[in-house]
Protein chains: 2
Amino acid sequence: MQLAEIITERVRRVTATAKVALHEPCFRGRELAYVTECIETGWVSSVGSYVDRFERDLAAYTGAKHAVVVSNGTSGLQIALQLVGVEAGDEVLIPALSFVATANAVRHCGAQPHFVDSDEASLGIGIAALAEHLGQVAEVLAGVCRNKRTGRRIAAVVPMHTFGHPVDMPALLELAARYHIEVVEDAAESLGSTIGGRHTGTFGRCSMLSFNGNKIVTTGGGGAILTDDAALAKRAKHLSTTAKMPHAWAFYHDEVAYNYRMPNLNAALGCAQLEQIDGFLDAKRELTQRYLEAFSDLPHVRLFTERPGTRANYWLQTLLIAPELAEQRDAILAATNGAGQMTRPVWELLSTLPMYRDCASMATPVAQDLARRIINLPSSPQLIMGAV
Amino acid sequence: MQLAEIITERVRRVTATAKVALHEPCFRGRELAYVTECIETGWVSSVGSYVDRFERDLAAYTGAKHAVVVSNGTSGLQIALQLVGVEAGDEVLIPALSFVATANAVRHCGAQPHFVDSDEASLGIGIAALAEHLGQVAEVLAGVCRNKRTGRRIAAVVPMHTFGHPVDMPALLELAARYHIEVVEDAAESLGSTIGGRHTGTFGRCSMLSFNGNKIVTTGGGGAILTDDAALAKRAKHLSTTAKMPHAWAFYHDEVAYNYRMPNLNAALGCAQLEQIDGFLDAKRELTQRYLEAFSDLPHVRLFTERPGTRANYWLQTLLIAPELAEQRDAILAATNGAGQMTRPVWELLSTLPMYRDCASMATPVAQDLARRIINLPSSPQLIMGAV
Ligand SMILES: Cc1ncc(COP(=O)(O)O)c(C=O)c1O
Ligand SMILES: Cc1ncc(COP(=O)(O)O)c(C=O)c1O
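Residues numbered from 1 in each chain as written. Chains lettered and ligands numbered in written order. Predicted model: local features only at pLDDT ≥ 70, side-chain atom pairs only at ≥ 80, totals over all residues. Heavy atoms only, no water.

Caption draft 1: Just the overall build of chain A, in detail. Assigned secondary structure in chain A consists of 13 helices and 17 strands. Over its C-alpha atoms chain A spans a radius of gyration of 21 Å, differing by no more than 12% from the 21 Å that the globule rule assigns to 388 residues. Overall, chain A is about 70 × 60 × 35 Å in size when its C-alpha atoms are taken along their principal axes. Expressed as a percentage of the 388 residues in chain A, the buried residues total 63%. Only carbon and sulfur atoms are counted for the fraction: they give 51% of the accessible area of chain A, which is about 13,600 Å². Looking at charge distribution, chain A has the averaged site of its 35 positive side-chain charges lying 2 Å from that of its 40 negative ones. (Helix = DSSP H or I, 4+ residues; strand = E, 2+ residues; numbered from the N terminus. Rg over C-alpha atoms; globule rule 2.2 N^0.38 Å. Buried < 20%, exposed > 50% of the residue type's maximum accessible area, 1.4 Å probe, protein only. Areas by Shrake-Rupley, 256 points an atom, 1.4 Å probe, with all protein chains shown as cover. Lys, Arg positive; Asp, Glu negative; His and termini not counted. Charge placed at Lys NZ, Arg CZ, Asp CG, Glu CD.)

Caption draft 2: Representation of the packing of aromatic side chains within the structure. Residues and elements named next belong to chain A. Using the criterion set out here, one finds 12 aromatic pairs over all chains in the structure. Pairing Phe115 with Tyr356 gives two aromatic rings, centres 6.3 Å apart and planes at 70°, and the pair type is edge-to-face. Separated by 241 residues along the polypeptide, Phe115 in strand β3 (residues 112-116) and Tyr356 in the loop between β15 (344-345) and β16 (360-361) bring together distant segments of the chain. Just as Phe115 is buried, Tyr356 falls in that class too. The ring of Phe203 carries Arg198 above its face, with NZ or CZ at 4.1 Å from the centroid. (Phe/Tyr/Trp six-rings, centres within 6.5 Å; stacked < 30°, edge-to-face > 60°. Lys NZ or Arg CZ within 6 Å of the ring centre and 35° of its normal.)

Caption draft 3: Broad picture of helix α6 (residues 127-137) of chain B. Residues and elements named next belong to chain B. Every buried residue belonging to α6 is among Ile127, Leu130, His133, Leu134 and Val137, and all of these are buried. Down the axis, α6 shows its buried residues gathered within 115° of arc, on one side only. When the buried face of α6 is taken as reference, the exposed residues oriented beyond 90 degrees from it are Ala128 and Glu132. (Arc of directions from axis to C-beta.)

Caption draft 4: Quick peek at the domain arrangement of chain A. Residues and elements named next belong to chain A. Domain parsing of chain A yields domain 1 (3-25 + 277-385) and domain 2 (31-274). Computed from C-alpha coordinates alone, the two centres of domain 1 and domain 2 are separated by 25 Å. On the domain 2 side, the residues contacting the 44 residues of domain 1 number 52 residues. Approximately 3,900 Å² of surface area, both sides summed, lies buried where domain 1 meets domain 2, with 66% of it carried by carbon and sulfur atoms. On the surface where domain 1 and domain 2 come into contact, there are 1 salt bridge. Where Glu120 meets Arg373, a salt bridge forms, and the shortest distance between an N and an O atom there is 2.9 Å. Looking at the side of domain 1 that touches domain 2, the elements that each hand over two or more residues are α10 (277-295), β13 (310-311), β16, α12 (365-373) and β17 (374-377). Element by element, the count of residues in the side of domain 1 that touches domain 2 is highest for α12, at 7 residues. Split into classes, the residues belonging to the side of domain 1 that touches domain 2 amount to 26 nonpolar, 10 polar and 8 charged. (Domains from an automatic or database assignment. Contact = heavy atoms within 4.5 Å. Buried area = accessible area lost by both parts, 1.4 Å probe. Salt bridge = Lys/Arg side-chain N within 4 Å of Asp/Glu carboxyl O. Nonpolar A, V, L, I, M, F, W, Y, C, P; charged D, E, K, R; others polar.)

Caption draft 5: View of the site of ligand 1. Close to ligand 1 lie 17 residues, the nearest being Thr74, Glu189, Ser210 and Lys215 of chain A together with Asn259 of chain B. Each of chains A and B places residues near ligand 1. Between Asn72 of chain A and ligand 1, the recorded distance is 3.4 Å, taken from a side-chain N or O atom to an oxygen atom. Side-chain polar atom of Glu189 of chain A to an oxygen atom of ligand 1: 2.5 Å apart, as the coordinates give it. Burial of ligand 1 by the protein chains amounts to 97% of its free accessible area of 380 Å². (Near = heavy atom within 4 Å. Polar contact = N/O pair within 3.5 Å; in protein donor to acceptor, adjacent residues only side chain to side chain.)

Caption draft 6: Highlighting the site of ligand 2. Close to ligand 2 lie 17 residues; Asn259 of chain A together with Thr74, Glu189, Ser210 and Lys215 of chain B are nearest. The residues that come close to ligand 2 belong to more than one chain, namely chains A and B. Note that an oxygen atom of ligand 2 is positioned 2.7 Å from one of the side-chain N or O atoms of Ser210 of chain B. Lys215 of chain B is positioned with one of its side-chain polar atoms (N or O) 3.0 Å from an oxygen atom of ligand 2. Considered on its own, ligand 2 offers 380 Å² of accessible surface; in the complex 97% of this is hidden by protein. Of the residues contributing to the shell around ligand 2, the split by class is 5 nonpolar, 9 polar and 3 charged.

Caption draft 7: Local environment of the pairing of strand β5 (residues 144-147) of chain A. Residue and element names in this part refer to chain A. Alternating residues of β5 divide into Cys145 and Asn147, all buried, and Val144 and Arg146, none buried. Here strand β4 (residues 138-141) pairs with β5 via 4 bridges, running antiparallel. Bridged to Val140 within β5 is Cys145. Here β4 folds back onto β5, and the loop between the two strands holds 2 residues, one of which, Ala142, carries a positive phi near 50°. (Pairing = 2+ DSSP bridges.)

Caption draft 8: Representation of the pattern of salt bridges in the model. Across all of its chains, the model carries 34 salt bridges over all chains by this definition. One network of salt bridges, with partners in common, ties together Glu9, Arg10, Arg13 and Asp297 of chain A.

Written out as structure tokens, the structure is:
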């Protein structure tokens, strides 16, 4: 049998389903009750008790001092970058291996992505390689880090916790501090993932979560900004709600701002979802075990598992093909998808997309290698929790 | 009795309620049924049958060939401006008398607002005054309109149909054509309003609707772009959904784009709401009649009514205080709000806000006058349709 057929058969064995999606939302809690309450009370829009509650619940769950909910992860990252001072013309270090939204959010601030290579152990930013790169291209003068080649300020670095696997944040914080670069985490995929017991998204000065439909917890569409800084949280709310000044009736706004609000209807869904996250996390760990077993005798593939000292949310199950078999990736994708088992490759490297091709970038050998070898497997918690 | 007390008493007579909001959503149709279906099927997020249906329903209702739903009106206007070619550094003509989002959307394209005075008869752009202003500041060279004073291209004009009262679009289209300026309607407030039977939002090359919680039809938060141009509609969808190229599995995106999607959960609410719009419009017309009667004997105030040849949706009921009594506005606002009857002034002129103070502007005597004299009155359809 071909590798593609073997893998298809193993995936099929784990999912035990003829047709299965990559990741589907799982509504087994009070979703309908909360949403019904919104409709019956008329509180569906931009203010409401579920917005406030979801912010409190997210702060409590992650241990961040403040959470500000927004329309989605992309808008959350844009605001988070603005909060730490990213301005038009700056450069922001982001992984070449990420979803396009990470780069778009940088551009929505008027800044430019500067691409960073990956680390095979975390799938996130390669910190040692970045240190070496900064040693070559960056200089710090009067507390400002500059790219000597482009002349631009390097204002921030955005670690992204790929598929829920945490970046080594203590090491990155140390490097960023040395270069006077702000740290903003793209924790879109890592709600429930921790490093030494501390939640991803609480290491950077601020961070972003996503509650898109494919995420571990969904609000339909939505996101949040986490920070321990009360002033930043207040400004996040201000910037994401048209910068209206409080007044009994006057419409006075004091800066260019956004409508990046999360409606109460969506926050209601989020509250119900977050109540169930422990069950989702358990299911995802159990699913990892099953995939591990299913692939244990195959020397050419490896299920990606959490690094020591970290706890992954296992949002998307990740298979790595051996480098020498990477050219079989598309055959494996075709076979699994053809057999109703939805699998996906990782993203095209952002540094290769037409609109980002000319941006600053370090060499990305690890990211290029990973991009050829990653296959995400069906990951819904329902695969363990069963159909309703 | 003071004017403030008299007005409070008359408003109270019409609303017949001790405590009443300016505008509340009215859920009397299939809202809960549709939203329940989303949750039970798991289709809450960025694709789904209600998204498609809401787009079809909006096109059918307005008569636009295409509708593309987005996260809200602000994002819709930004995309609409980009669609007609507005670029960083351009100027866009917008009314000084509008909600701040009109100006923010211009800035989100990297362009600059150029403020236009109002017309007392429509509350929208003063077309004759604008023609005179353009005669002074604008020149057209090789099909490009330029502001001679700033050197910037004047790329577009954004008429806004204030509180649902249509701008004289045929006259504006004629003026814009003369100056080679694109027309994008801010129809955030005017779903259901027509000019000669033709729906607002179908005159410009494209236009935007808002379904914010305070609008005549709500999705919690949401908006739409209308256009007759199939290519623009396709590009609106592309730009608002991360510019992903269609492919069985690859993540390839071909331009800097946005996550401005409307989740299916919110579109479900919109479908149910739009089914009821005729009832809402009837209720609002009836409410206008009641306010007209209630104020008929007061010489110093006038209820604003639709211009001949137009049909307003009467989204927000609007009282105009006589110029010589304009300084009583705040006393009227204090008295009505103090008595539980929520009223609101119109917006501060955008040209006076700190972030827009230095933008190009024509003289705005009419807008300044209107801004001192407008008071919006409680406008919910429930005031006619009754409590459930
Ligand atoms: C790594 C990453 N960054 C950013 C985003 C953007 O989040 P959203 O889709 O909520 O805008 C996502 C999710 O889609 C993501 O996976
Ligand atoms: C005139 C006008 N323009 C733009 C908007 C922005 O719409 P949204 O609040 O949906 O972003 C609104 C409504 O809030 C509006 O009234």
